[in-house]
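Structure at a glance
Here are the chains, one letter per residue:
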Amino acid sequence: MKSTYIKENVQVELNNPILVEGFPGLGLVGKIAIRYLIKRLGAKRFAYLYSPHFPYFVLVNKKGDVRLLRGTFYYWKNPSGTNDLVLFTGDSQSQTVEGQYEIADRMLDFAQKHNVKTIITIGGYRVEAKEKPKAYAAATNQPLLDRALKAGAIVSGSGSPIVSTAGLILGLARFKHIEALCLLGETRGYLPDPMAARSVLEVLKSTFNFDVDLTGLNEEIAKAETMVTRLQKIEEKRALQAEETRKEEDKKITYIS
């Protein structure tokens, strides 16, 4: 394999499709969001993206079978007859700068082939959110951005870089005459963050009028909060032990006059 390519296993006819992308990244916000949509909507897989820029190992399942790292495209036929969805997530981000550009470009070509006019990319925005995580938005045109802002997003900070595929798709989409929107959920970044994913999905469903029940994320959110609480207690205990050790060392210090 010398370059990134997409293998379609099923030919589908889609009605005004919107592509939503969520590679693994900060807090796994994008991947959690896409996997939830796939499960909740019953989306079906129809294509794989392979690239030599993914990490160089294979994944092994319970039966001992192996496969290359990949990205997967799913489709969902919207019963309301408006916009069908193409959902994309993968095992890993590209490990090279060239790969990031190449994968984004291949995805845009794939979108063009299926007459996609709008792409949404999802990712994480590193910040220690004290309340409900906010969703930040950036877009290739003002009308699309205004729709996201009306749905509850806030404008991404001026000068803030949007890295990896989530950002590059926006930059390259202009050359393909495709509009694009990026939604970033506030996240600590070091643990899977379903709460940030829910904030992004709330904006997404309101912006494009998708009928998606998000209550299924509540269990994942509760588990994530429990994990954060445990880690905080461990850190507090470690800090207390370090302080006790420091005090004991201070007692051992002798002074010669």
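The structure we're discussing is the one just above.
Remember, it's a predicted structure, so these values are computed and weren't measured experimentally. (Residues numbered from 1 in each chain as written. Predicted model: local features only at pLDDT ≥ 70, side-chain atom pairs only at ≥ 80, totals over all residues. Heavy atoms only, no water.)

Our focus in this paragraph is the overall build of the protein. Of regular secondary structure, the protein possesses 6 helices and 11 strands. Out of the 257 residues in the protein, the part that is buried amounts to 46%. Taking as baseline every contact in the protein between residues at least 6 positions apart, the subset at least 24 positions apart corresponds to 77%. With the model as given, the accessible surface of the protein reaches about 14,600 Å², and the carbon-plus-sulfur share is 52%. Across the protein, the mean location of the 36 positive side-chain charges is 4 Å away from that of the 29 negative side-chain charges. (Helix = DSSP H or I, 4+ residues; strand = E, 2+ residues; numbered from the N terminus. Buried < 20%, exposed > 50% of the residue type's maximum accessible area, 1.4 Å probe, protein only. Contact = heavy atoms within 4.5 Å. Areas by Shrake-Rupley, 256 points an atom, 1.4 Å probe, with all protein chains shown as cover. Lys, Arg positive; Asp, Glu negative; His and termini not counted. Charge placed at Lys NZ, Arg CZ, Asp CG, Glu CD.)

So, about helix 5 (residues 194-208). Between its first and last C-alpha atoms helix 5 spans 21 Å; for 15 residues at 1.5 Å apiece the expected length is 21 Å, and the two agree. Of all the positions in helix 5, only Pro194, Ala196, Ala197, Ser199, Val200, Leu201, Val203, Leu204, Thr207 and Phe208 are classed as buried. Trailing helix 5 by a residue or two, Asn209 shows a phi angle of about 55°, which is positive. (Expected span 1.5 Å × (residues − 1).)

Viewed as axis vectors pointing N to C, helix 1 (residues 29-41) and helix 5 meet at an angle of 60°, and their least axial separation amounts to 8 Å. The angle between the axes of helix 1 and helix 5 places the two elements in the oblique class. Viewed along their axes, helix 1 and helix 5 form a crossing whose handedness is right-handed. Together, Val29, Ile32, Ala33, Tyr36 and Leu37 of helix 1 and Pro194, Ala196, Ala197, Val200, Leu201 and Leu204 of helix 5 make up the contact between the two elements. Grouping the amino acids of the contact of helix 1 with helix 5 by side-chain chemistry returns 11 nonpolar, no polar and no charged. (Axes fitted to C-alpha atoms, helices over the stretch in contact; angles between N-to-C directions. Parallel < 35°, antiparallel > 145°, perpendicular 65-115°, else oblique. Left-handed = near helix turned anticlockwise from the far one by under 90°. Nonpolar A, V, L, I, M, F, W, Y, C, P; charged D, E, K, R; others polar.)

There is a patch of nonpolar side chains on the surface, built from Met1, Tyr5, Val58, Val60, Val66 and Leu68 and spanning about 570 Å² of accessible area. Looking at the nonpolar patch, the elements with two or more residues in it are strand 4 (58-60) and strand 5 (66-68). Relative to the assigned elements, Leu68 resides in strand 5. (Patch = residues over 30% accessible without salt bridge, like charges linked within 9 Å, V, L, I, M, F, W, Y side chains within 5 Å. Salt bridge = Lys/Arg side-chain N within 4 Å of Asp/Glu carboxyl O.)

So, on to the sheet that holds strand 3 (residues 44-50). The 9 strands lie next to each other as 1-3-6-7-2-8-11-9-10, forming an open sheet whose pairing is mixed. Looking at which strands have only one partner, the edges of the open sheet turn out to be strand 1 (5-8) and strand 10 (154-155). Pairing between strand 9 (residues 135-139) and strand 10: 2 bridges, direction parallel. From the neighbouring strand, Ala137 faces strand 10, where its bridge partner is Val155. Where helix 5 meets the sheet, its contacts fall on strand 2 (18-21), strand 8 (118-126), strand 9 and strand 11 (179-187), and the angle it forms with strand 11 comes to roughly 150°. (Pairing = 2+ DSSP bridges.)

Our focus in this paragraph is the pattern of salt bridges. In this structure the tally under the stated criterion is 11 salt bridges. Of the charged contacts, one joins Lys113 and Glu8 as a salt bridge, the two residues approaching to 2.4 Å between their closest N and O atoms. In this pair, Lys113 sits in helix 2 (residues 97-113) while Glu8 sits in strand 1, placing the two residues 105 residues apart along the sequence. Here Glu8 falls in the buried class, since its relative accessible area comes to 19%. One salt-bridge network, held together by shared partners, links Asp105, Arg106, Asp109 and Lys176.

The geometry of helix 3 (residues 142-150) relative to helix 5 is characterised by a closest axis approach of 8 Å and an angle of 120° between their N-to-C directions. Overall, the two elements helix 3 and helix 5 adopt an arrangement that is oblique. Seen from above, helix 3 lies across helix 5 with right-handed handedness. Contact residues: Leu144, Arg147 and Ala148 in helix 3; Val203, Thr207 and Phe208 in helix 5.

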